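# Per-entry structural report
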Amino acid sequence: MGSVVIPHLVTGWHVDQAIMSEEDRLVVIRFGRDWDPDCMRQDEVLYKIADRVKNFAVIYVCDLDQVPDFKQMYELYDTVTLMFFFRNKHMMCDFGTGNNNKLNWVLEDKQELIDIIETIYKGAKKGRGLVP
Amino acid sequence: MSGRKDFLSQPAPENYVAGLGRGATGFTTRSDLGPAREGPSEDQIKEALAKRAAALGNAPPTAYGVPKKKDDEADDEQFRDAENEEGLFATGNYDREDDEADRIYQAVDERMDRRRKVRREAREQAERDDYERNNPKIQQQFADLKRELGTLSDEQWAAIPEVGDLTGKNRRNKQNERQRFYAVPDSVLAGARDTGQLGTEIQDEGMATEAPSGSADQADGTMTNFAGIGAARNRVMQVRLDAAAQAQTSGTDSVAGTATNIDQKGYLTSLDKSELMAGETNLGDVKRARVLLESVIKRNPRHGPGWIAAARLEEFAGKIQAAQNVIRRGTEMCPKSEDVWSEAIRLSQSHGNNHNAKILAAKAIESNNKSVKLWIEAMHLEQLPAAKKRVLRKALDHVPQSVAIWKEAVNLEDDPSDAKLLLAKATEIIPLSVELWLALARLETPEQAQIVLNKARKAVPASYEIWIAACRLQEQTGNTQMVSRVMERGIKALARESAMLKREEWITQAETCEEEGAPLTCQAIIKETLGWGLDEDDDSKQIWLDDAKASTNRGRYETARAIFAYAIRVFYNRKSVWLAAADLERQHGSKQALWDLLGEAVKSCPTSEVLWMQLAREKWQAGEVDEARRVLGLAFQQNPGNEDIWLAAVKLEADNGETEKARELLSAARSEAGTDRVWIKSAAFESQIKKDSDDALSLVNDGLNIYPKAAKLWMMKGQIYEAKNMLPQAREAYNTGTRACPRSVPLWLLASRLEEKMGVLVKARSILDRGRLAVPKNPELWTESVRLEYRAKNMAAANQKMAQAMQECPTSGLVWSERIWHLEARTQRKARILEAIQKADNDPVLFVIAARIFWGERKLDKADSWFAKAAVLDPDYGDTWAWWYKFLLQHGEQAKREEVVGKCVVCEPKHGEVWAGVRKAPENAGKGVEEILKMVAKELE
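Because the structure is a prediction, the values reported are computed rather than measured.

### What to know about the overall build of chain B
The helix and strand inventory of chain B stands at 53 helices and zero strands. A buried classification covers 38% of the 941 residues belonging to chain B. Surface summary for chain B: the accessible area is close to 55,300 Å², and the carbon and sulfur share equals 51%.

What follows is the structure in structure tokens.
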């Protein structure tokens, strides 16, 4: 039900607007498909933490079937992918998976997700492009 | 959600390319997952656009009509205007709204286009036609001319000037500069030499002998004579160098080559000068000048002289056609320049194309119809008088104010009455031209002329020429008394108009009148104007005398006479004016005029004995002795006590052999004007007539009673006694004389010589000593002392006296010459004379000595030149002439002798030791200079 509450980005334009319109908050976008069970689980967690991170992050969801524009650009081949942007800049984070660009697994620990988001936000505020 | 953004509810733009708006870039993590790309590619975008458009059911979006090829657009981009709408929003997306807007605008445009279409097209057509009419194409401009070409004759075709080839000129010049020169191969030189093409100037000496052998070699074809080739080359080089050297020495032409700046005018004149030797000029100079002038023309095409110079250059280079082309261009560029036109006319005319010259003249006049010069030139182009007249008539229509044209027109008229008519008209139009008035007056009959001149005077009241002309008219018609009256009136009128000339200018006018045979007018002018502009306090007498002298020098005696007449009228009692006037008459006038003048003069200045004497002398010289006597009688009446007149009268009588009369006159003179001079003359006269007459002695004694201080009388007394051989009485006379007149050197000398003659040397010596005491530092006394000693063969005493003399009179030429000639060894003379000339510079006696030294050394040329120097230095010193004559008797030719004698006679020398003695001797009285000269020459040791 999380996907219902979290705002959807229905076109590429909306995605770009979402990324560009934020001045001092981290933009977190979940690329995936609403009907996908992994996505549902992830959305559940995202919905739960959304209010807690609203001071430094904003969370959107984007259906890859509806907006296929970024599939190739961002190599969106996983069922669920979280990406982070700050001031129109793609934030990278060393998750220990070998792919620093995105978080492409389901992370159901709310506190850990908050910590990750917070860590990325802090790194972004300091001007870093890659956060440990 | 609190922070829901409004964009989430907005629809996405029409054909948005994802990621494009924010410049998103992709990344590659794993290469196996697909092609790594950075953002949306060009193809992708295009594809997307096309896809969207297709989806919308429209043609791919471009503003109007046909889509352009993308490649072209990329090309166009760089030329796009930054301000342009298209460029400004190029980054934006072309969406449906834009398309719609475009369509609407297009529809509006089309609608606007349809409205008033017919009217607008008609207007545009009219505008286009109008433009074409105003700016016709060249082809259209010449269409009519082209058609007329069909009517041209062959001759006219030939006369069409060439078109200069100006295309690509710079490039051609550059190519010419880049021209390469190659050394001539030996084979060419050799071949040329063999065929004798190298010219005659190198066919001398060695070459002549070498050539056959060379050709023999060549004929063999086996070997080349390289030495011969080298020689030929050297020869060619030498010939060139010689030519260059000649060009250098031949003068200014080569200078033009080296100089970088050329004075235009100077260049023109030098061109004129060198025109004669056109054949010799260097081709290179012409080229250089051509380039220079070309640049002059280019830089300042409105400058006439540049064109003229260029044309002259071409003409000078012999390219007549080119010259004509240049000057034609010049006339186009400077249509207002008279000089350029006249140069063009001259060019055409001087090369036989008179017809063309006429056409040019017509054109020239068309653009400068006020130019007198061009009109006159056009007139000269015509041969027939009728045609000339026609041209001048036209000219007068255009320039009625030109005196020159009127004059030409009048000159062309053969019939005086026609000329008169023309001149009348001319004076009407140009009343201020004095020339025309005078010309008209000259043509008219005397009565008419007077009327004309009166009119002229009214028209030009300030013209002195008209007054002079009026005077001359009166003179010609014989109205002599009217001449001066007219002049008087004229001067008054001119003074009123304040148009008086200066005095000097009036004199010039008078001289002109005299030259043209109008002496009365000349006199009238002088009479009226000589006193003009002179103030009271000016030294007018001197000024007038100067004027008269200047006129005399210019050969205008009538003017000078008139000036004198005026001056005499003003200064009636001034001797100097009369004398100057008499001088003029004597030199340039008739005897009668002179007599009249002198008669008048003695009347005005009766006390001036000079005038009387002149008059008497003139009469006497003319052989009218009685007249002369009468004149002198009148003079006696006027100046009873004047010894000069008395003596003149005595001389007159004595020379005419009337001894008795002379004696009477002298006795009368003694009683009336008993000066010592009269007494001396009387005594001398008596002793001349009879050597040892008692009359003379008694006269001398009487004279001495009255004038005991007259040294000459004492001398005479002594001499008379000497002549009578009454030596003691003579000694007595000299002694008393020296006591009475101790300062008289000749008296001392005579006394000492008398003693010497009597053999009493001691007495002579003591007399000289006394003389030296009385007259110290006198070279003659000292010389006499020295001479006395060596005449007595007492050389030691002579040397001692000479030393004293040298101390007393170190700068006396006489003492020096005595010493050098008599007391020096022959070898020492030259050194001494040098010293003497340095000490007593410029003494003729010394010069004569120098000449005699050279004569003695037989350096005849030098001697002659020293004699000449001495004669020039003091022509009054007779001894010089005598020595010279003697010298010439030995070594000179007859002609030279005569020349010297002639000079001597002209100079009439009076001094000189020997000369004076011979001249004054009583037996030589009345002898000419030439005789005396010969006698003196004989007398000299």
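### Observations concerning the sheet that holds strand β2 (residues 57–63) of chain A
All names here are of chain A. The mixed open sheet is built from five strands, whose spatial order is β2-β1-β3-β4-β5. Among the strands making up the open sheet, the edge pair consists of β2 and β5 (130–131). Those strands touched by helix α5 (residues 110–125) are β1 (26–32), β2, β3 (80–85), β4 (90–93) and β5, and its axis lies near 130 degrees from that of β1.

### Re the pairing of β1 of chain A
Residues and elements named next belong to chain A. For β1, the tally of buried residues reaches seven of seven residues, placing the bulk of the element in the interior. Burial along β1 is two-sided: the residues L26, V28, R30 and G32 and V27, I29 and F31 are all buried. In the sheet, β1 pairs with β2 via seven bridges, with the strands oriented parallel. Looking across to β2, one finds that I29 is bridged to Y60. By the bridge criterion, six bridges tie β1 to β3 in an arrangement that is antiparallel. Bridged to V27 within β3 is F85.

### What about the interface of chain B and chain A?
Between chain B and chain A, the contact holds 29 residues from the first and 29 residues from the second. Carbon and sulfur atoms supply 59% of the area that chain B and chain A bury against each other, a total of about 2,400 Å² over both sides. Summed over the three residues of chain B that lose the most area to chain A, namely F7, R22 and F27 of chain B, the buried surface amounts to 33% of that side. For the pair chain B and chain A, the number of links is two residue pairs in polar contact (both at pLDDT 80 or more). Partitioning the side of chain B that touches chain A into residue classes produces 15 nonpolar, nine polar and five charged.

### Brief notes about the packing of aromatic side chains
Summed over the entire model, instances satisfying the criterion amount to 14 aromatic pairs over all chains. Centre to centre, the rings of F70 of chain A and Y74 of chain A are 5.7 Å apart; their planes meet at 10 degrees, and the pair counts as stacked. With respect to burial, F70 of chain A and Y74 of chain A carry one shared label: buried. Connected via pairs of aromatic rings, a cluster forms that spans F31, F70, Y74 and F85 of chain A. Stacked on the ring of W782 of chain B, the Lys or Arg R772 of chain B has its end atom at 4.1 Å from the ring centre.

### Comments concerning the packing of helix α28 (residues 503–515) of chain B against helix α30 (residues 540–553) of chain B
Residue and element names in this part refer to chain B. Between α28 and α30, the least distance of the axes is 12 Å, while the angle of their chain directions is 35 degrees. The chirality of how α28 crosses α30 is right-handed. Of the residues in α30, those in contact with R503, I507 and E511 of α28 are I543, W544, D547 and S551. Residues belonging to the contact of α28 with α30 are distributed by class as follows: three nonpolar, one polar and three charged.

### Quick notes on the pattern of salt bridges
Taken as a whole and judged by the stated rule, the model has 24 salt bridges over all chains. The residue R33 of chain A makes a salt bridge to D65 of chain A at a minimum N-O spacing of 3.0 Å. Placement of R33 of chain A in the loop between β1 and α3 (37–50) and of D65 of chain A in the loop between β2 and α4 (69–73) is noted, with a sequence separation of 32 residues between them. Judged by relative accessible area, R33 of chain A falls into the buried class, the value being 18%. Here R328 of chain B and E332 of chain B are joined by a salt bridge, their closest N and O atoms 3.5 Å apart.

### Notes on the packing of α3 of chain A against α5 of chain A
Residues and elements named next belong to chain A. One way to put it is that α3 packs onto α5 with a least axis distance of 10 Å and a crossing angle of 70 degrees. Judged by the angle between their axes, α3 and α5 are roughly perpendicular. For the crossing formed where α3 meets α5, the hand is right-handed. Counting all contacts with α3, which are made through Q42, V45, L46, K48 and I49, the residues of α5 involved are K110, L113, I114 and I117. Looking at the contact of α3 with α5 residue by residue, the classes come out as six nonpolar, one polar and two charged.

### Describing the pairing of β4 of chain A
Residues and elements named next belong to chain A. In terms of strand pairing, β3 meets β4 through two bridges, oriented antiparallel. Considered in β4, the bridge of F84 is made with M91. Between the antiparallel neighbours β3 and β4 lie four residues, among them R87 with a positive phi of about 50 degrees. In this sheet, β5 lies alongside β4 in parallel orientation, the contact comprising two bridges. Each bridged residue has a counterpart across the sheet, and for C93 the counterpart in β5 is V131. Regarding topology, α5 serves as the crossover connection from β4 to the parallel β5, and that connection is left-handed.

### Comments concerning the nonpolar core
All names here are of chain B. Counting 107 residues, the largest nonpolar core has I405, L453 and W506 as its most contacted members. Residue contributions to this core peak at eight residues, all from helix α26 (residues 464–476). If you look at the next biggest cluster of nonpolar residues, it comprises 46 residues, including L846, A870, V901 and L933.

### A word on helix α45 (residues 795–808) of chain B
Its 14 residues place the ends of α45 of chain B 20 Å apart at the C-alpha level, agreeing with the 20 Å of an ideal helix rising 1.5 Å per residue. On its buried side, α45 of chain B packs onto α43 (761–774), α44 (779–791) and α46 (813–823) of chain B.

### Comments concerning the side chain of D16 of chain A
With respect to the secondary-structure elements, D16 of chain A resides in helix α2 (residues 12–21). Under the relative-accessibility criterion, D16 of chain A is labelled buried at 0%.

### A closer look at a nonpolar patch on the surface
All names here are of chain A. The grouping of V4, V5 and Y47 at the surface amounts to a nonpolar patch, some 270 Å² of accessible area in total. Topologically, Y47 is positioned in helix α3. By relative accessible area, Y47 is classed as partly exposed at 31%.

### Side note on the environment of D36 of chain A
Residue and element names in this part refer to chain A. Tracing the chain through its elements places D36 in the loop between β1 and α3. Owing to a relative accessible area of 11%, D36 belongs among the buried residues under this scheme. Distance in space between the C-alpha atoms of D36 and T79 is 7.3 Å, their sequence separation being 43 residues. A distance of 3.1 Å separates a polar atom in the side chain of D36 from the backbone nitrogen of D38.

Thresholds applied
Residues numbered from 1 in each chain as written. Chains lettered and ligands numbered in written order. Predicted model: local features only at pLDDT ≥ 70, side-chain atom pairs only at ≥ 80, totals over all residues. Heavy atoms only, no water. Helix = DSSP H or I, 4+ residues; strand = E, 2+ residues; numbered from the N terminus. Buried < 20%, exposed > 50% of the residue type's maximum accessible area, 1.4 Å probe, protein only. Areas by Shrake-Rupley, 256 points an atom, 1.4 Å probe, with all protein chains shown as cover. Pairing = 2+ DSSP bridges. Contact = heavy atoms within 4.5 Å. Axes fitted to C-alpha atoms, helices over the stretch in contact; angles between N-to-C directions. Buried area = accessible area lost by both parts, 1.4 Å probe. Polar contact = N/O pair within 3.5 Å; in protein donor to acceptor, adjacent residues only side chain to side chain. Nonpolar A, V, L, I, M, F, W, Y, C, P; charged D, E, K, R; others polar. Phe/Tyr/Trp six-rings, centres within 6.5 Å; stacked < 30°, edge-to-face > 60°. Lys NZ or Arg CZ within 6 Å of the ring centre and 35° of its normal. Left-handed = near helix turned anticlockwise from the far one by under 90°. Salt bridge = Lys/Arg side-chain N within 4 Å of Asp/Glu carboxyl O. Parallel < 35°, antiparallel > 145°, perpendicular 65-115°, else oblique. Right-handed = clockwise from strand over helix to strand, strands pointing away. Core = buried A, V, L, I, M, F, W, Y, C linked by side-chain atoms within 4.5 Å. Expected span 1.5 Å × (residues − 1). Patch = residues over 30% accessible without salt bridge, like charges linked within 9 Å, V, L, I, M, F, W, Y side chains within 5 Å.

As far as function goes, none of this settles anything; it's purely spatial.
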